[in-house]
Amino acid sequence: MRDLNQLLQQMTVEEKIGQLAQYNANLFVKSEAEITGPLAHLGLSQDDLKNVGSVLNFSSAEEVCQIQKEHLENDRNKIPMMFMMDVIHGYRTAYPIPLALGCSFDTELVEDLSRMAAKEACAGGIQVTFTPMVDYVRDARWGRVMETCGEDVLLNSAMGAAQVKAFRNGDISKPDSLATCVKHFAAYGGAEAGRDYNTVELSEHVLREYYLPAYKACIDAGVDMLMPSFNSLNGVPSVANPWLMQKVLMDEWKFDGVVISDYDAVGELIKHGVAEDMKAAAKLAFENGCHIEMCSSGYIRYLKEMLEEGVFTMQQLDAATLKVLQLKDALGLFDDPYHGVDPKKEDEACLTPENRVLARKAAAECAVLLKNDGILPLKPDAREIALIGPMADEHGIIGSWACRANKEESVTVAQGLAAAMPNTKFTVVNGCGNAWNDRDISGFTEALEAAKRADAVILCLGEPQSYSGEGNSRTDICLPGMQAQLAQQVAAVNPNTVAVTFSGRPLALPELNASVPAILHMWMPGTE
């Protein structure tokens, strides 16, 4: 353990402020010519980068080691950087999206999956994950509905706490454990009209009854960090909201961890209209307890100036810096700045047969049987099955926010069934031409012919994974394109038809419900 107070005393003001800044890895691994533009945009110099305390959006364990090595060589205090990433539903082995995990009602499964993800992520150089996301959501149009475990307060709280427990695994200094960050505080999921980043207007009763409990459950479970949300809450942006950040979080809940802004959220206080410039934005965020500013430059550029003006005291700066140093110490970074990462072992730790088995188990437990009018299970003597629809042989079912997972490594419906039923003939037909075009019926004829020949039909329908996730809200949550019409026509020529649907949000399926006798919803199941 380091004597952090002694370390703090030997640090310059600039070095202390640098600990409160986080930037993308590309600023640290590209040549000076390549980063001149981004640095100029942020108003930073190369000297500023030498003091930066943490990094996000790096590409590999090798890159982590390179950045850390160069940083330590240039840092007179030898204070290691922290490396953070969004490990939402797996690292390389993707498991079902959190919304699907909620449908398992299985906290032990979630713990097993989180432990798997932690081991893979640590092998990739990650030390802190921006997980769990426990925003309470009622509007399925919102793209980030896929990141939460649902609209039940108790379930969302239990699942969030389970993730914190498993990722941390009792001691975050272990080389296979991650520090955790709960987000987005608060009520990000209450955005008006389901539009991402939109304003939130809620009574205090609704806020406390439905939206706040899951954040509190994660704090009680020992979460290390907290991220304020982008949105304004009742007119005040979260990162600059004294009622939310000081009264509720600090005074009532006694949160003692590190607060980190969301991406450029401090800078966006200007766009919200509550700060006239970057200096004012930095003042609002810092005085409301935000310790780390992510990807904007208000702290580095203006905190020293505000110290000299008497806006803040050295004691306040020291307290914020100490929080960051304490997290680094808890991670064991002063003893092992690399947190056990070994680029040679990154591939060995990821996508193992055991991890795939667990991911497949999770996909099965998270599936939801929406309807079965006696047709399931299908008779095992089917000699020919037609797999019809745009999701029949689609690898893009890992879901948004899948970290390092590659869709090419996922198992499609066609591949999975062929492996499970080697004596059955499968005919795979897209059926929709351009599946997301609401006028394209160019594949209908081929699909209907295949359906007529088959003993059974499995319709594989849904929305592409790009339709959900951050910035991907929808006004219409029905099946996109001509899929509903395809289902109606296929079921008319072969009544032994079932549907398997994929999505990152709940879908409205009235036409499908009226057409087919069984519907199995798979969400975005991940690698398996």
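The structure reproduced in this document is the subject of the present report. (Residues numbered from 1 in each chain as written. Predicted model: local features only at pLDDT ≥ 70, side-chain atom pairs only at ≥ 80, totals over all residues. Heavy atoms only, no water.)

Of all the residues in helix H20 (residues 444-453), the buried ones are Phe444, Ala447, Leu448, Ala450 and Ala451. Summarising the axial view, the buried residues of H20 lie within an arc of 160°, below the 170-degree limit, and thus occupy one face. Relative to its buried face, H20 has exposed residues pointing more than 90 degrees away, namely Thr445, Lys452 and Arg453. Contacts made by the buried residues of H20 are with strand E12 (384-388), strand E13 (425-429), strand E14 (456-462) and helix H21 (483-493). (Buried < 20%, exposed > 50% of the residue type's maximum accessible area, 1.4 Å probe, protein only. Helix = DSSP H or I, 4+ residues; strand = E, 2+ residues; numbered from the N terminus. Arc of directions from axis to C-beta. Contact = heavy atoms within 4.5 Å.)

Another aspect to go through is the packing of helix H9 (residues 153-168) against helix H11 (residues 213-220). Axis separation between H9 and H11 bottoms out at 8 Å; the angle between their running directions is 30°. As far as their axial angle goes, H11 and H9 are roughly parallel. As for how H9 packs across H11, the hand of that crossing is right-handed. Only Pro213, Ala214, Ala217 and Cys218 of H11 make contact with H9, whose side of the interface consists of Val153, Asn156, Ser157, Gly160, Ala161 and Val164. In the contact of H9 with H11, the residues fall into seven nonpolar, three polar and no charged. (Axes fitted to C-alpha atoms, helices over the stretch in contact; angles between N-to-C directions. Parallel < 35°, antiparallel > 145°, perpendicular 65-115°, else oblique. Left-handed = near helix turned anticlockwise from the far one by under 90°. Nonpolar A, V, L, I, M, F, W, Y, C, P; charged D, E, K, R; others polar.)

For the rest of this paragraph, the subject is the packing of helix H10 (residues 204-211) against helix H12 (residues 242-252). Closest axis-to-axis distance for the H10/H12 pair is 15 Å, and the angle between their directions is 50°. Compared by their axis directions, H10 and H12 come out oblique. Relative to H12, H10 is oriented so that their crossing is right-handed. Across from Glu204, Leu207 and Arg208 in H10, the residues of H12 making contact are Trp243, Lys247, Val248 and Glu252. When grouped by side-chain class, the residues that make up the contact of H10 with H12 number three nonpolar, no polar and four charged.

This next bit is on the sheet that holds strand E3 (residues 82-85). Working definition: the strands of a sheet are paired by backbone hydrogen bonds and lie parallel or antiparallel to each other. What the eight strands build is an open sheet, ordered E9-E6-E5-E4-E3-E2-E1-E10; its pairing is parallel. The open sheet has two edge strands with one neighbour each: strand E9 (258-259) and strand E10 (293-294). Pairing geometry for strand E4 (residues 128-129) and strand E5 (residues 179-185), over two bridges, is parallel. Bridge pairing in E5 links valine 128 to alanine 179. (Pairing = 2+ DSSP bridges.)

Quick look at the pattern of salt bridges now. The final tally for this structure, using the stated rule, is 27 salt bridges. Taking the shortest distance from any N to any O, the salt bridge between aspartate 347 and arginine 92 comes out at 3.5 Å. Within this pair, whereas aspartate 347 is found in helix H17 (residues 346-349), its partner arginine 92 is found in the loop between E3 and helix H7 (98-102), the two being separated by 255 residues in sequence. Taking the relative accessible area as the measure of exposure, arginine 92 reaches 18% and is therefore buried. Residue lysine 165 pairs with glutamate 111 through a salt bridge whose shortest N-O separation is 3.8 Å. In this pair, lysine 165 sits in helix H9 while glutamate 111 sits in helix H8 (residues 107-123), placing the two residues 54 residues apart along the sequence. (Salt bridge = Lys/Arg side-chain N within 4 Å of Asp/Glu carboxyl O.)

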